[in-house]
Amino acid sequence: MSLSSFFSSFLPVVHADAPEEKEEESVQKPEDAEEPSEDVEEAEQPEEEEEEPEDIHPTIREECQNSAKCAPFTKHFEHCQEKIQAGQGYKGEDCVEELFHMMHCADACAAPKLFSKLR
């Protein structure tokens, strides 16, 4: 007796690769059965969902990026991007560090404003 047959005697066996079996419909609808009325169908439909409010985070973040506190970081990032796109940077250069500095400043500025509006 193999180990798998021992366990299969206690537990049901499930095969993941087996095709799904379709059950045959043994009960057929009578031809003269009435369809549910339209009033019942309308009552069963869920109510329309409320629209989600507009996300104010991108607006607040953009305002913070242009603020006096974060403007130097934003300007430095944009200058780096222009340099890279013009092909003037060294090989493999990217502006990740500048992006991190800009986003850190913008997020630090935006967080208190955002959470004060969410309360």
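- In the nomenclature of an unreviewed UniProt entry, the protein corresponds to Non-heme 11 kDa protein of cytochrome bc1 complex from the organism Leucogyrophana mollusca.

Things to note about the state of the cysteines
Next up, step 1: Applying the stated rule across the entire model yields three disulfides.
Next up, step 2: A sulfur-sulfur distance of 2.0 Å marks the disulfide that ties C70 to C105. Here C70 and C105 share a disulfide; its torsion about the S-S bond, -90°, makes the bridge left-handed. Taken as a pair, C70 in the loop between helix 3 (57-65) and helix 4 (71-85) and C105 in helix 5 (residues 96-118) lie far apart in primary sequence, 35 residues in all.
Next up, step 3: Note on C105: relative accessible area 8%, which makes it buried.
Next up, step 4: With cysteine numbering restricted to those in disulfides and following the sequence, the protein has the pairing 1-6, 2-5, 3-4.

A word on the packing of helix 3 against helix 5
Next up, step 1: Between helix 3 and helix 5, the least distance of the axes is 8 Å, while the angle of their chain directions is 130°. Between helix 3 and helix 5, the angle falls in the class oblique. Crossing hand, helix 3 versus helix 5: right-handed. Along its contact with helix 3, which presents H57, I60, R61, C64 and Q65, the element helix 5 presents M102, M103, A106, D107, C109, A110, K113, L114 and K117.
Next up, step 2: Considered class by class, the residues forming the contact of helix 3 with helix 5 number eight nonpolar, two polar and four charged.

Reading guide: rules and limits
Residues numbered from 1 in each chain as written. Predicted model: local features only at pLDDT ≥ 70, side-chain atom pairs only at ≥ 80, totals over all residues. Heavy atoms only, no water. Disulfide = S-S within 2.5 Å. Helix = DSSP H or I, 4+ residues; strand = E, 2+ residues; numbered from the N terminus. Buried < 20%, exposed > 50% of the residue type's maximum accessible area, 1.4 Å probe, protein only. Axes fitted to C-alpha atoms, helices over the stretch in contact; angles between N-to-C directions. Parallel < 35°, antiparallel > 145°, perpendicular 65-115°, else oblique. Left-handed = near helix turned anticlockwise from the far one by under 90°. Contact = heavy atoms within 4.5 Å. Nonpolar A, V, L, I, M, F, W, Y, C, P; charged D, E, K, R; others polar.

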